Amino acid sequence: GSLAIVWVAAFNGFVVLLLLDMVLAILLDVYAEVKASAGKTPSLPTQAKEIVMESKAHTKRLQILARNSEDGGGGHEHQAAPPGNAETAISATELAEYQSVEGRSVEGRSVEGR
């Protein structure tokens, strides 16, 4: 009687551990394949840093364009507008500032071009 209960419980425990081991082996195999296929991709902190830098560059561009629209373009030499806003003309100084923001790269990759 009681020996059979112990044997069944031990057998069930062994089977559960064996199945968990199989699931773990499958997960680790898939993880290894995905990691190998990913190659040399940037880490999550690096991607977060790039997103923050792009956001700052975008904010800077918006501030430049807003400042220009508030000034009414007043009395400066006007250049072509930055890409994406053809109606707005900006001064040479603002264009240089815009281009310095646009040309900024994050870890060897340009902010715009990826």
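Residues numbered from 1 in each chain as written. Predicted model: local features only at pLDDT ≥ 70, side-chain atom pairs only at ≥ 80, totals over all residues. Heavy atoms only, no water.

## Some words on the overall build of the chain
Counting secondary structure elements, the chain contains three helices and four strands. Along the chain, helices (α) and strands (β) appear in the sequence α-α-β-β-α-β-β when read from the amino end. Counting every position in the chain, which comprises 114 residues, the buried fraction comes to 17%. (Helix = DSSP H or I, 4+ residues; strand = E, 2+ residues; numbered from the N terminus. Buried < 20%, exposed > 50% of the residue type's maximum accessible area, 1.4 Å probe, protein only.)

## Regarding the confidence of the model for the chain
Scored by pLDDT, the chain has a mean of 77; 63% of the residues are at 70 or more. Considering only residues more than four positions removed or in separate chains, one finds that residues 75-81, a stretch of pLDDT under 50, has 17 contacts. Per-residue pLDDT stays below 50 along residues 104-114; that stretch engages in 19 contacts with residues further than four places along the chain or on separate chains. (pLDDT = per-residue confidence, 0-100. Contact = heavy atoms within 4.5 Å.)

## Quick notes on a nonpolar patch on the surface
A cluster of nonpolar residues, Trp-7, Val-8 and Phe-11, forms a patch on the protein surface that exposes about 330 Å² of accessible area. Summarising the element assignment, Phe-11 is placed in helix α1 (residues 2-38). (Patch = residues over 30% accessible without salt bridge, like charges linked within 9 Å, V, L, I, M, F, W, Y side chains within 5 Å. Areas by Shrake-Rupley, 256 points an atom, 1.4 Å probe, with all protein chains shown as cover. Salt bridge = Lys/Arg side-chain N within 4 Å of Asp/Glu carboxyl O.)

## Things to note about helix α2 (residues 44-71)
The terminal C-alpha atoms of α2, which comprises 28 residues, lie 41 Å apart, in line with the 40 Å expected from a rise of 1.5 Å per residue. Buried within α2 we find Thr-46, Glu-50, Ala-57, Arg-61, Ile-64, Leu-65 and Asn-68. Of the residues trailing α2, Gly-72 is marked for its positive phi of about 70°. (Expected span 1.5 Å × (residues − 1).)

## Here's the deal with the packing of aromatic side chains
Enumeration according to the criterion identifies one aromatic pair in this entry. For the ring pair Trp-7 and Phe-11, a centre distance of 5.4 Å and an interplane angle of 5° mean the geometry is stacked. Placement of the pair is Trp-7 and Phe-11 together in helix α1, with a separation of four residues, close to one helical turn. (Phe/Tyr/Trp six-rings, centres within 6.5 Å; stacked < 30°, edge-to-face > 60°.)

## Some words on α1
The end-to-end C-alpha distance of α1, which contains 37 residues, comes to 54 Å, matching closely the 54 Å that a straight helix rising 1.5 Å per residue would cover. Just downstream of α1, Gly-39 is the residue with a positive phi angle, here 65°.

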